[in-house]
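Report on the structure
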Amino acid sequence: MENKELFELTNPQKSIWYTEQFYEGTTVNNICVSGTLYGNINEDLLKQAINNVIEQNDSFRIHIVLKDNIAKQYISDYTNFNIDVEYINDESEIKQIESEEAKYKFDVIDSDLFRFKIAMSKNNFASIILTVNHLIADSWSLGLVIQEIIKNYNSIKNNEEFTPDTFSYVDYVNSENEYRNSPKFENDKTYWNQIFNTIPEQATIPCLISGAKNVSYNAKRLGFEIDKDILYKINNFCRENHISTFNFFMAIFSIYIGRVSNIDDFVIGTPILNRSNFKEKHTTGMFVNTVPVRFDNINDGTFKKLTNTVATKMLGILRHQKYSYNSILEVGKENIINLARKYKNAEEEIKKLNNMHFSVQKEIEKLNEEKQLREKNISKFKAILETEEL
């Protein structure tokens, strides 16, 4: 790293860094994604395409170092990355490979924070499996990466020139520094200080703490599908009342937490994209910001009124989303998020990935890019409600 320029971590990165220190030695910050290509895939060309993406996106080459015990980052020089290949017979083997890759423990100090693996099959398909530490990428970034790998592969295979729509994460670092010294920052600061001029009691689920003697970060995921008839009614309610399904389930979760905790003033955290323009939406790196949504007097009125209140709260939060959660805590407040709510619209995710209409070669029957976070048996929250709209 000699003669390399050091940059501050961005606020989204700082949030991950603090988590990394608190859950040291775990894989809590790992994200794993896979993309499966169908057809007669050339292994060497696919490796070249992956390396092109590593070179084109400087966020992959971020290294974290400690200077005066403070985390800084620099962009390492590109070198050809060795990509492991595992040969398989059936697609069912991919999930096992993903599971193992997601458990990889990165050395976060001055090391690569990503891993690629290719699962090749003689049955005309290959899967790209990418694991990253959250310090250098969010899930949106991984969708961009899978797209870019396929674009690169396609151009190499067909001997075509390809210019990617990629931008430097350093530009986002610099824009955040400008934001910190802007009137917008002060306006956002005022907004959040008014929201948290008093600190509510931390919400939790009583059964998670009752009789607990030892603190554990182990977690399990329970999943279930909502009956189609019920989902139809939910969607109709949302359309008739001009609210999103996100706001509907956030209202449901708030009612549940309020009742089981027996409190009427609490906070639920929710992650937001935090990408406000074209450039940011086409830059790989860590952007996501977790925002605290404060609920008070949730029993004061009808459910319809509550959903409208949630919608209004979220609009205000989105206007001030750039102000980080860490900045909220800097004014002497203790951690106020104990529970989280996540939402993913799978249909929109698939559209985002498939909108480019890639064709790796003529005989390919289909291209399926399934973007999914691998289940991890570790959680930094007491409980998370995660809903996925299919």
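**Let's talk about the pattern of salt bridges**
Any two side chains of opposite charge can pair if their charged atoms end up close together. Applying the stated criterion to the full structure yields 12 salt bridges. Residue Glu86 pairs with Lys117 through a salt bridge whose shortest N-O separation is 3.4 Å. Residue Glu86 is located in strand E5 (residues 84–88), and its partner Lys117 is located in strand E6 (residues 114–121); the two are separated by 31 residues in the primary sequence. Residue Glu86 is classed as partly exposed on the basis of its relative accessible area, which comes to 32%. As a salt-bridge pair, Lys103 and Glu100 come within 3.9 Å of each other at their nearest N and O atoms.

**A look at the packing of aromatic side chains**
Counted according to the given criterion, the structure contains 20 aromatic pairs. Considering the side-chain rings of Phe22 and Tyr23, the 5.1 Å spacing of their centres and the 75° angle between planes classify their relative orientation as edge-to-face. You can call Phe22 exposed: its relative accessible area is 55%. Geometrically, the ring pair formed by Phe237 and Phe248 is edge-to-face, given 5.8 Å between the ring centres and 65° between the ring planes. Residue Phe237 is located in helix H8 (residues 228–240), and its partner Phe248 is located in helix H9 (residues 245–261); the two are separated by 11 residues in the primary sequence. Classification of Phe237 as partly exposed rests on a relative accessible area of 22%. By relative accessible area, Phe248 is classed as buried at 9%. Put simply, the rings of Phe60, Phe81, Phe114 and Phe116 touch in pairs and so form one group of aromatic residues.

**Side note on helix H6 (residues 183–195)**
Under the 1.5 Å per step criterion, the end-to-end length of H6 is 19 Å for 13 residues, consistent within 8% with the ideal 18 Å. Looking only at H6, the buried set comprises Phe185, Asp188, Tyr191 and Trp192. Down the axis of H6, the sector holding all buried residues measures 125°, keeping them to one side. In H6, the exposed residues that point more than 90 degrees away from the buried face are Pro183 and Gln194. Where the residues of H6 are buried, they touch helix H5 (169–180), strand E9 (289–296), helix H11 (303–319) and helix H12 (325–329).

**A look at the sheet that holds strand E1 (residues 7–8)**
Paired through their backbone hydrogen bonds, the strands of a sheet run either parallel or antiparallel. Across the sheet, which stays open at both edges, the three strands sit in the order E1-E4-E3 with antiparallel pairing between neighbours. Sheet topology places E1 and strand E3 (62–67) at the edges, where each strand pairs with a single neighbour. Summarising the sheet, E1 and strand E4 (residues 70–75) pair through two bridges and their orientation is antiparallel. Bridge pairing in E4 places Glu8 opposite Lys72. Each of E1, E3 and E4 touches helix H1 (residues 11–22); the most contacted strand, E3, lies at about 70° to it.

**Overview of the environment of Ser59**
The residue Ser59 is located in the loop between helix H2 (43–56) and E3 in this model. When its relative accessible area of 1% is taken as the criterion, Ser59 is described as buried. Linking Ser59 and Phe167, residues 108 residues apart in sequence, is a C-alpha distance of 9.5 Å. Dropping the residues within four chain positions of it, Ser59 is found in contact with Ile136, Tyr169, Thr284 and Gly285.

**Quick word on the pairing of strand E8 (residues 265–272)**
Where a strand is regular, its side chains alternate between the two sheet faces. Of all eight residues that make up E8, six are buried, and the element is covered over most of its length. Across eight bridges, E8 lies against E9 in antiparallel orientation. The residue bridging Pro271 from the neighbouring strand is Thr290, located in E9.

**Some points on the side chain of Asn152**
With respect to the helices, strands and loops of the structure, Asn152 is situated in helix H4 (residues 139–157). What makes Asn152 buried here is its relative accessible area of 2%. A distance of 3.2 Å separates a polar atom in the side chain of Asn152 from a polar atom in the side chain of Gln56. Apart from the residues lying within four places of it in its own chain, the contact partners of Asn152 are Ala49, Asn52, Val53, Gln56 and Phe162.

**A look at the confidence of the model for the chain**
Note: predicted coordinates in regions of low pLDDT should not be interpreted at a detailed level. Residue-level pLDDT values for the chain average 83, and 81% of them are 70 or greater. Note on residues 346–376: pLDDT is under 50 here. Beyond four places in sequence and across chains, it has 70 contacts.

Here is what the cut-offs are and how they apply
- Residue indices follow the written sequence of each chain, beginning from 1 at its first position.
- Local features are withheld for residues below a pLDDT of 70 in this predicted model, meaning they are given only at 70 or higher, and side-chain atom pairs are given and counted only at 80 or more; totals for whole chains, interfaces and linings count all residues.
- Computation of side-chain values covers all heavy atoms of the structure but excludes hydrogens and water.
- Salt bridge, as used here, is a side-chain nitrogen of Lys or Arg placed within 4 Å of a carboxyl oxygen of Asp or Glu.
- Note on conventions: DSSP H or I runs of at least 4 residues are helices, E runs of at least 2 residues are strands, and numbering of each starts at the N terminus.
- Buried residues are those whose accessible area, probed at 1.4 Å on protein chains only, stays under 20% of the maximum for their type, while exposed residues exceed 50% and partly exposed ones sit between those limits.
- Here a pair means two rings of Phe, Tyr or Trp (six-membered ring of Trp) with centres within 6.5 Å. Their orientation is stacked below 30 degrees between planes, edge-to-face above 60, and tilted elsewhere.
- Multiplying one less than the number of residues by 1.5 Å gives the expected span of a helix.
- When we speak of the arc, we mean the arc of directions from the helix axis to the C-beta atoms.
- Whether two residues are in contact is decided by their heavy atoms, any of which lying within 4.5 Å being enough.
- Strands are labelled as partners when DSSP assigns at least two bridges between them.
- Working convention: axes come from line fits to C-alpha atoms, limited for helices to the stretch in contact. Angles between N-to-C directions cover 0 to 180 degrees.
- Polar contacts, as used here, are pairs of N or O atoms within 3.5 Å; protein pairs need one atom able to donate a hydrogen and one able to accept it. Residues neighboring in sequence count only if both atoms are side-chain atoms.
- pLDDT gives the predictor's per-residue confidence on a scale running from 0 to 100.

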